[in-house]
Amino acid sequence: MLAVDVHDLTKSFGTRKVVDNVSLCVEQGEIYGFLGPNGSGKTTSIRLMCGLLTPDSGYGTCLGYDILKESQKIKAQVGYMTQKFSFWDDLTIQENLEFIARLYEMENKKALVEETLVNLNLQNRAKQITGSLSGGWKQRLALAACMMHKPKLLLLDEPTAGVDPTARRDFWDELHKLAAEGISVLVSTHYMDEAERCHKLAYISYGKLLASGTAQEIIAAQKIYTVAVYGDNLIELAEQLKVLPEIVQTVVFGSSLHVSSLDEDKLFATVKILAKNCQVELIQTSLEDVFIYMMNNSQDNFGVSNAR
């Protein structure tokens, strides 16, 4: 059974169309990542797919329930983790979880809290005041809280914003364990390393779904060729290259300049002429290269001014 199967979802707020005919399928036990610029409609799309918002038009199912007629049944099986930490700093971890259990009138509250503490490796910090926790441990508490009622689907809205790399890696290891147990995950993120850990991705810009599939499928579909240039005066070189019609983007990555084009032969010929004293090598176009290209290209298509 598909965890999410939605078609032609549309949603407007006032005169602004935030989601424009989005269709998507998510398998059970799949981690599906949502990429896109700020304000692109990622969070609204996720909420529509799970019956948390009612679309203006479109249809579909989530966890086998109709998103239009059975939203309450869906909500009972969804765990939602917001970007903003929203628990009580003056309570301990255990007290926060106990409060959530009482708030939602869960059965066997004490046993459920103990089980949740163990499952999320929080038992040794159960008595710690929440306000003293690091960002990573606060994030783990938030995940524990939205897992207490044993949901079949998790909605995570940029869950690792502001969290250090080690904590982010631990968090994603936890997500993959949950997915292996059959829990489906919809997650919005701006981190490319996180996007590459998703089973599949969706790229949304200005309310439209522009690409979906595995990271490699999305990269291959864009048919972009990229070279890395090593040498001096890379910023000056980027300025010379980005105004040329055959060059779709230039991006500085540390000590190298990534230059991309839709034509491999023209790419090499052009770069070789302008970067005479530099080392030039063809590299695998990365997801980040594609993400930046799609973001810039979508802004051009939707009439938003943007420098290449």
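Residues numbered from 1 in each chain as written. Predicted model: local features only at pLDDT ≥ 70, side-chain atom pairs only at ≥ 80, totals over all residues. Heavy atoms only, no water.

**Some remarks on the nonpolar core**
Counting 52 residues, the largest nonpolar core has L97 and L154 as its most contacted members. When residues no more than four places from it in sequence are discounted, the contact partners of L97 are V113, T116, L117, L141, A144, A145 and M148. (Core = buried A, V, L, I, M, F, W, Y, C linked by side-chain atoms within 4.5 Å. Buried < 20%, exposed > 50% of the residue type's maximum accessible area, 1.4 Å probe, protein only. Contact = heavy atoms within 4.5 Å.)

**As for the sheet that holds strand 13 (residues 256-261)**
Taken in spatial order, the 4 strands of this open sheet run 12-13-11-14, and their pairing is antiparallel. Here the strands that pair on one side only, and so sit at the sheet edges, are strand 12 (249-253) and strand 14 (279-283). On average, each strand axis in the sheet is inclined to that of its neighbour by 25 degrees, with strand direction left out of account. The pairing of strand 12 with strand 13 spans 5 bridges and is antiparallel. Within the sheet, the bridge partner assigned to F253 lies in strand 13 and is S256. Packing against the sheet, helix 9 (residues 234-241) makes contact with strand 11 (225-230), strand 12 and strand 13, and its axis sits at approximately 10 degrees to strand 13. (Pairing = 2+ DSSP bridges. Helix = DSSP H or I, 4+ residues; strand = E, 2+ residues; numbered from the N terminus. Axes fitted to C-alpha atoms, helices over the stretch in contact; angles between N-to-C directions.)

**A closer look at the packing of helix 3 (residues 93-103) against helix 4 (residues 109-119)**
As a packed pair, helix 3 and helix 4 sit with axes 10 Å apart at the nearest point and diverge in direction by 130 degrees. Between helix 3 and helix 4, the angle is such that the two are oblique. Between helix 3 and helix 4 the crossing geometry is right-handed. Contacts from I93, Q94, L97, E98, A101 and R102 of helix 3 reach helix 4 at K109, V113, E114, T116 and L117. (Parallel < 35°, antiparallel > 145°, perpendicular 65-115°, else oblique. Left-handed = near helix turned anticlockwise from the far one by under 90°.)

**Focus on the state of the cysteines**
One pass over the structure, following the stated rule, counts 0 disulfides. Between C25, a cysteine without a disulfide, and C62, which holds the nearest cysteine sulfur, the sulfur-to-sulfur distance is 12 Å. The partly exposed category is assigned to C25, whose relative accessible area is 36%. C146 carries a free sulfur, and the closest cysteine sulfur to it, the one in C50, is 13 Å from it. Residue classification places C146 among the buried residues on the basis of a relative accessible area of 6%. (Disulfide = S-S within 2.5 Å.)

**Side note on unusual backbone geometry**
Peptide bonds are trans in most cases, and residues, glycine excluded, mostly fall at negative phi. Although it is not a glycine, L63 adopts a positive phi angle of roughly 55 degrees. When you line up the elements, L63 lands in the loop between strand 4 (57-62) and strand 5 (65-66). For L63, a relative accessible area of 9% corresponds to the buried category. Residue Y206 is not a glycine yet carries a positive backbone phi of 50 degrees. Mapping Y206 onto the fold places it in the loop between strand 9 (200-205) and strand 10 (208-213).

**Some words on the environment of L153**
Among the structural elements, L153 can be located in strand 7 (residues 153-157). For the pair L153 and G79, spaced 74 residues apart in sequence, the C-alpha to C-alpha distance is 6.3 Å. Filtering out sequence-adjacent residues up to four positions away, L153 remains in contact with V4, C50, C62, L63, Q77, V78, G79, I183, S184, V185 and L186.

**So, the side chain of T226**
When you line up the elements, T226 lands in strand 11. At 2.9 Å, the side chain of T226 forms a polar contact with the side chain of T285. Sequence-distant contacts of T226, defined by excluding residues within four places in its chain, comprise H258, V259, S260, L267, E281, L282, I283, T285 and D289. (Polar contact = N/O pair within 3.5 Å; in protein donor to acceptor, adjacent residues only side chain to side chain.)

**What to know about the packing of helix 9 against helix 10 (residues 264-274)**
Packing of helix 9 against helix 10 brings their axes to within 11 Å, and their N-to-C directions diverge by 130 degrees. Looking at the two axes, helix 9 sits oblique to helix 10. Read as a crossing pair, helix 9 and helix 10 show a hand that is right-handed. For the pair formed by helix 9 and helix 10, the contact residues are L237, Q240 and L241 on the first element and T270, V271 and L274 on the second. Considering only residue class, the contact of helix 9 with helix 10 consists of 4 nonpolar, 2 polar and no charged. (Nonpolar A, V, L, I, M, F, W, Y, C, P; charged D, E, K, R; others polar.)

**Focus: the pattern of salt bridges**
Counting across every chain of the model gives 11 salt bridges. K150 serves as the salt-bridge partner of E115, at 2.8 Å between the closest nitrogen and oxygen. In this pair, E115 sits in helix 4 while K150 sits in the loop between helix 5 (135-147) and strand 7, placing the two residues 35 residues apart along the sequence. On the basis of relative accessibility, which here comes to 36%, the residue E115 falls in the partly exposed class. A salt bridge links D173 to R197; its shortest N-O distance comes to 2.8 Å. Here D173 is found in helix 6 (residues 165-180), whereas its partner R197 is found in the loop between helix 7 (192-195) and strand 9, with 24 residues between them in sequence. Judged by its relative accessible area of 34%, D173 falls in the partly exposed class. A network of salt bridges, in which partner residues are shared, links K17, D20 and K208. (Salt bridge = Lys/Arg side-chain N within 4 Å of Asp/Glu carboxyl O.)

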